[in-house]
Amino acid sequence: MNGISGNHCQTKTDMYGNQCPFNPCSRLPCKNNGICRVDGSSYTCTCTSGSFGTDCEDLKCDFEIKEDPNCFLQQDLSDDANWMHWSGKTPTSQTGPEAAYEGCYYYYFETSNPLRSGAKSRLISKNLDIDVNRCLTFTYHMYGEHMGTLNIYQMSDLKWTRSGNQNNSWKLDKIHLDEKLTDSKGYSKITFEAIRGTSYLSDIAIDNVKILTC
């Protein structure tokens, strides 16, 4: 056809038969709303606050921005309380972290009155396209004499749970995600669910949540 050349019709040409300059950004290589910029014969991706990686293919919620629209986790409006965006020590002594695991801010479940035992707070992800060999990594802090429970679900499957006092330190963990756990449109969702313990000494915190290649 006119405007195409090469043994396999792989090269675009102008009206004079000259090869058109190749634009690597025309293939839309940058994922998750990343911005592509031509860099010589290659490209670079500028990622949003909610993604990272060469092609912005990995997701993150570092909670440095309150209610960050680029974070893949959002407040569930149907639970008992929202997660709090916080920096430094939580207000109640003998529970909660002293500071964020990384950066300045983190999210935590404030369990003081009037919340009662068993009250829940959830963060639910946007629709996620989970490929093969993807993992969820995160840090959590569960310090308090009457600590409750932290659950993580993929769709309706419970993938991870911890209960009781885990001492006054941040802990890092990882979950292998199942690419087959999807809805009818092929999307999956992740839910973080914090459950209050038997008293206000049960603040639960999370930070530095990521979805990346295992």
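Refer to the structure above for everything that follows.
A. Here's a closer look at the packing of aromatic side chains. Scanning the model with the defined rule gives nine aromatic pairs in all. Summarising the aromatic geometry, the rings of Tyr101 and Trp170 are spaced 6.3 Å apart at their centres and angled 65° between planes, so their arrangement reads as edge-to-face. Placement of Tyr101 in the loop between strand 8 (84-87) and strand 9 (105-109) and of Trp170 in the loop between strand 13 (157-163) and strand 14 (171-176) is noted, with a sequence separation of 69 residues between them. Aromatic side chains Tyr106 and Tyr108 sit 6.2 Å apart centroid to centroid with 50° between the ring planes, which places their arrangement in the tilted category.

B. Quick look at the pattern of salt bridges. Within the structure shown, the criterion is met by six salt bridges. Of the charged contacts in the structure, one is a salt bridge between Arg122 and Glu193, with a shortest N-O distance of 3.4 Å. Separated by 71 residues along the polypeptide, Arg122 in strand 10 (residues 120-125) and Glu193 in strand 15 (residues 190-195) bring together distant segments of the chain.

C. Representation of the environment of Phe192 in the model. For Phe192, the position within the fold is in strand 15. In this structure, the C-alpha to C-alpha distance between Phe192 and Ser156, residues 36 residues apart in sequence, is 12 Å. Discounting chain neighbours no more than four positions away, the residues touching Phe192 are Leu73, Trp83, Ser121, Arg122, Leu123, Leu136, Phe138, Asn151, Ile152, Ile206 and Val209.

D. Expanded view of the environment of Gly197. Tracing the chain through its elements places Gly197 in the loop between strand 15 and strand 16 (204-213). Its relative accessible area of 5% is what places Gly197 among the buried residues. Residues Gly197 and Gly164 lie 33 residues apart in sequence; the distance between their C-alpha atoms is 8.2 Å. With residues near it in sequence (within four places) discarded, Gly197 still touches Ser117, Gly118, His146, Met147, Gly148 and Ser202.

E. Spatial organisation of the sheet that holds strand 13. An order of 7-10-15-12-13 is seen for the five strands of this open sheet, with the pairing classed as antiparallel. Sheet topology places strand 7 (73-75) and strand 13 at the edges, where each strand pairs with a single neighbour. Pairwise comparison of adjacent strand axes, ignoring direction, gives a mean angle of 20° for this sheet. Where strand 12 (residues 149-154) meets strand 13, six bridges bridge the pair, whose relative direction is antiparallel. Among the inter-strand pairings, Thr149 is bridged to a residue of strand 13, identified as Ser163.

F. Broad picture of unusual backbone geometry. Following Asn113, the chain continues into Pro114 via a peptide bond in cis, with omega recorded as 15°. Structurally, the position occupied by Pro114 is in the loop between strand 9 and strand 10. We note that Gln94 has phi near 65°; this positive angle belongs to a residue other than glycine. Tracing the backbone shows Gln94 in the loop between strand 8 and strand 9.

G. View of the state of the cysteines. According to the stated counting rule, one finds five disulfides in the structure shown. Each sulfur of the disulfide joining Cys25 and Cys36 lies 2.0 Å from the other. Its S-S torsion of about -80° marks the bond between Cys25 and Cys36 as left-handed, since a negative value means left-handed. Of this pair, Cys25 sits in the loop between strand 2 (11-12) and strand 3 (35-39) while Cys36 sits in strand 3, placing them 11 residues apart in sequence. Classification of Cys25 by relative accessible area gives buried; the value is 14%. Sulfur-sulfur distance for the disulfide between Cys30 and Cys45 comes to 1.9 Å. Judged by the torsion about the S-S bond (-90°), the Cys30/Cys45 disulfide is left-handed. Of this pair, Cys30 sits in the loop between strand 2 and strand 3 while Cys45 sits in strand 4 (residues 42-46), placing them 15 residues apart in sequence.

H. Here's a closer look at the side chain of Arg196. Note on placement: Arg196 falls in the loop between strand 15 and strand 16. Although Arg196 is buried, it makes no salt bridge; Asp203 carries the closest opposite charge, 7.4 Å away. A distance of 2.7 Å separates the side chain of Arg196 from the backbone oxygen of Thr111, its partner in a polar contact. With near-sequence residues (within four places) excluded, Arg196 lies in contact with Phe109, Thr111, Asn113, Leu115, Arg116, Ser117, Gly118, Ala119, Gly148 and Ser202.

Thresholds, definitions, all that
- Residues numbered from 1 in each chain as written.
- Predicted model: local features only at pLDDT ≥ 70, side-chain atom pairs only at ≥ 80, totals over all residues.
- Heavy atoms only, no water.
- Phe/Tyr/Trp six-rings, centres within 6.5 Å; stacked < 30°, edge-to-face > 60°.
- Helix = DSSP H or I, 4+ residues; strand = E, 2+ residues; numbered from the N terminus.
- Salt bridge = Lys/Arg side-chain N within 4 Å of Asp/Glu carboxyl O.
- Contact = heavy atoms within 4.5 Å.
- Buried < 20%, exposed > 50% of the residue type's maximum accessible area, 1.4 Å probe, protein only.
- Pairing = 2+ DSSP bridges.
- Axes fitted to C-alpha atoms, helices over the stretch in contact; angles between N-to-C directions.
- Disulfide = S-S within 2.5 Å.
- Lys, Arg positive; Asp, Glu negative; His and termini not counted.
- Polar contact = N/O pair within 3.5 Å; in protein donor to acceptor, adjacent residues only side chain to side chain.

What is shown is where atoms sit, not what they do.
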